[in-house]
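The chain contents come next:
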Amino acid sequence: MAVRAGNLRHRVTIQRKSVSLDGYGAENASWAEFARVWASVEGLAGRELWAAQAAQGEQTTRVRARWLPGVKVEDRVVFGSRTFDILAVVDATGRGREMELMCRELVE
């Protein structure tokens, strides 16, 4: 089953990390836009964690979009003011038409 355009109502940006070296040889990481796509953003589950004496929430989210070659788990998704780490890139139909990005958002 193909992705219906009406379900893709959220505009998201997929970003790719680039690393450069400064004058002292230290790495500087920055994020650049890889692609802007229409997608469906669906919250799946959430939990609360305790790390270093601070509460931190974790939200699992599925982002569905038309297939886009080259998306990797090292990339991230930005939706408004929210940022999601990509945990898996799934070819939902096995035919290169739709992708599901299984993502995690850390909320402090």
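Structure first, text after, so check above.
Presented here is a report on the structure given in the accompanying data block. Keep in mind that what you see is a predicted model, and the values were worked out from it rather than measured. (Residues numbered from 1 in each chain as written. Predicted model: local features only at pLDDT ≥ 70, side-chain atom pairs only at ≥ 80, totals over all residues. Heavy atoms only, no water.)

Helix and strand counts for the protein come out as zero helices and six strands. Listed N to C, the secondary structure of the protein is β-β-β-β-β-β in terms of helices and strands. Contacts in the protein between residues at least 24 apart in sequence constitute 50% of all its contacts with a sequence separation of at least 6. Split by element, the accessible area of the protein, about 7,000 Å² in all, is 48% carbon and sulfur. (Helix = DSSP H or I, 4+ residues; strand = E, 2+ residues; numbered from the N terminus. Contact = heavy atoms within 4.5 Å. Areas by Shrake-Rupley, 256 points an atom, 1.4 Å probe, with all protein chains shown as cover.)

The subject of this paragraph is the environment of N28. In this structure, N28 sits in strand β2 (residues 27–51). Along the sequence, N28 and S18 sit ten residues apart, while their C-alpha atoms lie 8.3 Å from each other. Here N28 is in contact with S18, V19, S20 and D22, once residues within four sequence places are set aside.

Attention shifts here to the packing of aromatic side chains. Going through the model one piece at a time under the given rule, you end up with zero aromatic pairs. Cation over ring: R16 sits above F34, and NZ or CZ is 4.1 Å from the ring centre. (Phe/Tyr/Trp six-rings, centres within 6.5 Å; stacked < 30°, edge-to-face > 60°. Lys NZ or Arg CZ within 6 Å of the ring centre and 35° of its normal.)

Within the secondary structure, T13 is located in strand β1 (residues 10–21). For T13, the side chain forms a polar contact with the side chain of R36, separated by 3.0 Å. (Polar contact = N/O pair within 3.5 Å; in protein donor to acceptor, adjacent residues only side chain to side chain.)

Attention now moves to the environment of R82. Inspection of the secondary structure puts R82 in strand β5 (residues 82–91). The class for R82 is partly exposed, based on a relative accessible area of 31%. The spacing of R82 and V12 is 70 residues in sequence and 9.9 Å in space, taken between C-alpha atoms. In this structure the side chain of R82 is engaged in a polar contact, spanning 2.9 Å, whose partner is the side chain of E105. (Buried < 20%, exposed > 50% of the residue type's maximum accessible area, 1.4 Å probe, protein only.)

Here we take up the nonpolar core. With 15 residues, the main nonpolar core has I14, V63, V77, L101 and C103 as its most contacted residues. Elements that contribute at least two residues to this core include exactly β1, β2, β3 (54–66), β5 and β6 (98–107). Counting residues per element, this core draws most heavily on β2, which supplies four residues. If sequence neighbours within four positions are ignored, I14 has contacts with A32, E33, F34, A35, V37, L68, V71, D75, R76, V77, M99 and L101. (Core = buried A, V, L, I, M, F, W, Y, C linked by side-chain atoms within 4.5 Å.)

Fair warning: the whole summary comes from geometry, so function is off the table for now.
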